[in-house]
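Results of the structural survey
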Amino acid sequence: MNNFILEISYSQIAIFIKGTKFPFNDWTDIHVKQGFAWRSESVCFGSLLNDGKCMVNVSIQKSVKVLEGSIRTIVVPFHISEHKIEVASITQGECIQMPKGLYELVFNVIPKSNENDYDIYD
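Values in this document were obtained by computation on a predicted structure and should not be read as measured data.

As for the overall build of the protein
Scanning the protein from N- to C-terminus turns up one helix and 10 strands. Seen in sequence order, the protein has helices and strands lined up from the N terminus as β-β-α-β-β-β-β-β-β-β-β. Taken against the 2.2 N^0.38 rule, which gives 14 Å for 122 residues, the C-alpha radius of gyration of the protein at 13 Å falls within 12% of a compact globule. Along the longest, intermediate and shortest principal axes, the C-alpha atoms of the protein span 40 × 35 × 25 Å. The buried share of the protein, taken over its 122 residues, is 39%. The long-range share in the protein, meaning contacts at least 24 apart out of those at least 6 apart in sequence, stands at 70%. Surface summary for the protein: the accessible area is close to 7,200 Å², and the carbon and sulfur share equals 52%.

Some words on the nonpolar core
Within the largest apolar cluster, 24 residues are counted, with the highest numbers of intra-cluster contacts made by Ile15, Val43, Phe45, Phe78, Ile85 and Val87. For this core, the secondary structure elements donating two or more residues are β1 (2-8), β2 (12-17), β4 (42-46), β5 (52-58), β6 (72-80), β7 (84-88) and β9 (101-110). Counting residues per element, this core draws most heavily on β6, which supplies four residues. Not counting residues within four places of it along the chain, the set of residues in contact with Val87 comprises Phe4, Leu6, Ile13, Ala14, Ile15, Val56, Val58, Gln92, Gly93, Glu94 and Ile96.

Thoughts on the sheet that holds β5
Strand order in this open sheet of five strands is β1-β5-β10-β9-β6, and the pairing throughout is mixed. Every other strand in the sheet has two partners, leaving β1 and β6 as the edge strands with one partner each. Along the sheet, successive strands turn relative to each other by an average axial angle of 25 degrees, direction set aside. Judged from the two bridges that link them, β9 and strand β10 (residues 119-121) form a sheet pairing that is antiparallel. Across the sheet, the residue bridging to Val109 is Tyr121, located in β10.

A short note on the environment of Leu67
Note on placement: Leu67 falls in the loop between β5 and β6. Put simply, Leu67 and Leu48 are 19 residues apart on the chain and 17 Å apart in space, counted from C-alpha to C-alpha. The residues touching Leu67, leaving out its near neighbours within four places in the chain, are Asn108, Ile110 and Asp122.

How each quantity is defined
Residue positions are counted from 1 within each chain, in the order its sequence is given. Local features are withheld for residues below a pLDDT of 70 in this predicted model, meaning they are given only at 70 or higher, and side-chain atom pairs are given and counted only at 80 or more; totals for whole chains, interfaces and linings count all residues. The side-chain figures draw on all heavy atoms in the structure; neither hydrogens nor water molecules are used. What counts as a helix is a DSSP run of H or I of at least four residues, what counts as a strand is a run of E of at least two, and both are numbered from the N terminus. For the radius of gyration, the atom set is restricted to C-alpha positions; the globular benchmark scales as 2.2 Å times the number of residues to the power 0.38. Partly exposed residues are those whose accessible area sits between 20% and 50% of the maximum for their type, while under 20% is buried and over 50% is exposed, using a 1.4 Å probe and protein chains only. Any pair of residues with heavy atoms lying within 4.5 Å of one another is described as a contacting pair. Reported accessibility uses the Shrake-Rupley method at a 1.4 Å probe radius. Residues are deemed covered only where the shown protein chains occlude them. To form a nonpolar core, buried Ala, Val, Leu, Ile, Met, Phe, Trp, Tyr and Cys residues must be joined to one another through side-chain atoms within 4.5 Å. Note on pairing: DSSP must find at least two bridges between two strands before they are called paired. Between N-to-C directions, angles span 0 to 180 degrees; the directions come from axes that are lines fitted to C-alpha atoms, helices contributing only their stretch in contact.

Pasting the structure below:
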């Protein structure tokens, strides 16, 4: 599992294939309402805060899981065509090695609490 702190900017977290040209997706009113803007190798999820730090957890699981405490869970298809993905905001990103393949990308949102110093995006 990869865990890191990410500085969110412009209310979004993006996951995309490393090196993708124009990795951040355009948002329409429909995307804002549904909470994400998707392409097969790039997806942007709406965050709870406009700006601020959050905890990001990235792992490969055998099945789709809604985590305890999650207030939002979104599942989208995601095609990894290269061995590196990037999890990023507009100003910061983290590269992660991943096997090539077609995945169900599960995005769980767990808000900050007495147990968590940050909002968690898993």
